[in-house]
Amino acid sequence: MSRKVLFVPIAIMAILIGLYPLMYVFVPHQYTFLGTKIPELLKDKLWMSAFYFHIIFGGLALLVGWIQFLPKIRLNKPFIHRKIGLLYILSVFTSSIAGIYMGFFANEGAVASLGFVILGIIWLTSTLQAFNQIKKGRINSHQKWMIFSYAACFSAVTLRSYLPLLNISFEPSSAYKIVAWLCWVPNIMVAALISRKWEL
């Protein structure tokens, strides 16, 4: 029961933030994240391509990833589980590489950049490890690595949850530096705890 109570809000938040890229269809860019970027960067086709790859495929990974933890899907419908898993892995691969590239251009300098680049590397490597383990038939190891992968993926939710609160207590520049780490470090710590204490 405790797992269900925790899982439902996680799924709801994942869906809501997973649909976040749609905002760029309906909201003028000056009122979005792009409004914080310098004009030269917005004219950079490589950066803009990375941005859209990152948010579209990152949103897709967030939308489908939580489904993989449903026992009814994972145990009773392995074909669907594999297909969704492949979609998740491809989405992570695309979004994380784009995100690592974008990290070098993060607002507020090296502190924020380092936080986001490390996050992207952890997201990519944990997902590739999960894929590698399931190819070898190591189901338990695959599950644990996927917990870390989705914890990194879920940083998209925690970032948008923490940043408004941090902006109340800190200057915007300091808040952004903090959230570049806060959005994922606790997630990874929780993932480590879950992977040790829980069996899926």
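Model, not experiment: these values are computed from the prediction.

With that settled, the discussion passes to the overall build of the chain. Within the chain, the regular secondary structure consists of 11 helices and zero strands. Along the chain direction, N to C, the helices and strands of the chain fall in the order α-α-α-α-α-α-α-α-α-α-α. Expressed as lengths along the three principal axes of its C-alpha atoms, the size of the chain is roughly 50 × 35 × 30 Å. Counting across all 200 residues of the chain, residues that qualify as buried make up 42%. The long-range fraction of contacts in the chain, counting pairs at least 24 apart against all pairs at least 6 apart in sequence, stands at 69%.

Because an α-helix completes one turn every 3.6 residues, residues spaced three or four positions apart along the sequence face the same direction. For helix α9 (residues 155-169), built from 15 residues, the straight-helix expectation of 21 Å at 1.5 Å per residue is met to within 8% by its first-to-last C-alpha distance of 20 Å. Of all bends in α9, the biggest is about 30 degrees, found at Leu163, and the proline Pro164 comes one to four residues later. Every buried residue of α9 is listed here: Ser155, Val157, Thr158, Leu159, Leu163 and Leu166.

Turning next to the packing of helix α6 (residues 78-103) against helix α7 (residues 110-135). Packing of α6 against α7 brings their axes to within 8 Å, and their N-to-C directions diverge by 160 degrees. As summarised for this structure, α6 and α7 are arranged roughly antiparallel, according to the angle between their axes. Both α6 and α7 take part in a crossing whose hand is left-handed. In contact with Tyr88, Ile89, Val92, Phe93, Ser95, Ser96, Ile97, Ile100 and Gly103 of α6, α7 contributes Ser113, Phe116, Val117, Gly120, Ile121, Trp123, Leu124, Thr127 and Phe131. When grouped by side-chain class, the residues that make up the contact of α6 with α7 number 12 nonpolar, six polar and no charged.

With that settled, consider the nonpolar core. Judged by nonpolar contacts, the single largest core of 49 residues is most densely connected at Leu62, Tyr88, Phe116 and Tyr150. Of all the elements in the fold, those that place two or more residues in this core are α1 (2-18), α4 (45-65), α6, α7, α8 (139-153), α9, α10 (172-182) and α11 (185-197). The dominant element in this core, judged by the number of residues it contributes, is α4, at eight residues. Ignoring any residue separated from it by four or fewer positions in sequence, one finds Phe116 in contact with Gly103, Ala106, Leu159, Tyr176, Ala180 and Cys183.

Its place among the elements puts Ser95 in helix α6. A relative accessible area of 0% means that Ser95 is categorised as buried. Not counting residues within four places of it along the chain, the set of residues in contact with Ser95 comprises Phe53, His54, Phe57, Gly58 and Trp123.

Attention shifts here to the packing of aromatic side chains. The final tally for this structure, using the stated rule, is 14 aromatic pairs. Pairing Trp47 with Phe51 gives two aromatic rings, centres 5.6 Å apart and planes at 10 degrees, and the pair type is stacked. Of the two residues, Trp47 and Phe51 both sit in helix α4, four residues apart, roughly one turn of that helix. Judged by relative accessible area, Trp47 falls into the buried class, the value being 0%. Each residue in the set Tyr20, Tyr24, Phe33, Trp47, Phe51 and Tyr52 is aromatic and connected to the rest through ring pairs, giving one cluster.

With that out of the way, let us pick up the environment of Asp44. In this structure, Asp44 sits in the loop between α3 (39-42) and α4. Overall, the relative accessible area of 27% leaves Asp44 in the partly exposed class. Within polar-contact distance, the side chain of Asp44 engages the backbone nitrogen of Leu46 at 2.9 Å.

Of note, Val190 is situated in helix α11. Note: C-alpha distance between Val190 and Pro164 (26 residues apart in sequence) is 22 Å.

Calculation notes
Along each chain, residue indices are assigned from 1 in the same order as the chain's sequence is written. With pLDDT at 70 or above as the cut-off, local features in this predicted model cover only qualifying residues; side-chain atom pairs require 80 or more to be listed or tallied, and sums for whole chains, interfaces and linings still use all residues. Only hydrogens and water are set aside when side-chain values are computed; all heavy atoms of the structure are taken into account. Numbering of helices and strands runs from the N terminus; a helix is a DSSP stretch of H or I covering at least four residues, while a strand is a stretch of E covering at least two. Residue burial is assigned from relative accessible area. The probe radius is 1.4 Å, only protein chains are included, and a residue is buried under 20% of its type maximum, exposed over 50%, and partly exposed in between. What makes two residues a contact is simply this: any of their non-hydrogen atoms within 4.5 Å. To estimate the expected span of a helix, subtract one from its residue number and multiply by 1.5 Å. The term bend refers to the angle at a residue between two fitted axes, each drawn through seven residues, those ending there and those starting there. Axes here mean lines fitted to C-alpha atoms, for a helix over just the part in contact, with angles spanning 0 to 180 degrees between N-to-C directions. Angle categories are assigned with fixed cut-offs, so that under 35 degrees is roughly parallel, over 145 is roughly antiparallel, 65 to 115 is roughly perpendicular, and the rest are oblique. Should the near helix be turned anticlockwise from the far one by less than a right angle, the crossing is termed left-handed; should it be turned clockwise, right-handed. Charged residues are taken to be Asp, Glu, Lys and Arg, nonpolar residues to be Ala, Val, Leu, Ile, Met, Phe, Trp, Tyr, Cys and Pro, and polar residues to be all remaining types, Gly included. What makes a nonpolar core is a set of buried Ala, Val, Leu, Ile, Met, Phe, Trp, Tyr and Cys residues whose side-chain atoms join them at distances within 4.5 Å. Between 30 and 60 degrees the pair is tilted, below 30 it is stacked and above 60 it is edge-to-face, where a pair is any two Phe, Tyr or Trp rings, Trp via its six-membered ring, whose centres lie within 6.5 Å. Whenever a nitrogen or oxygen atom comes within 3.5 Å of another N or O atom, the pair is scored as a polar contact, on the condition that within protein one atom can donate a hydrogen and the other can accept it, and that pairs from neighbouring residues in sequence are kept only if both atoms are in side chains.

So, to be careful, I would describe these as geometric facts and stop short of saying anything about function.
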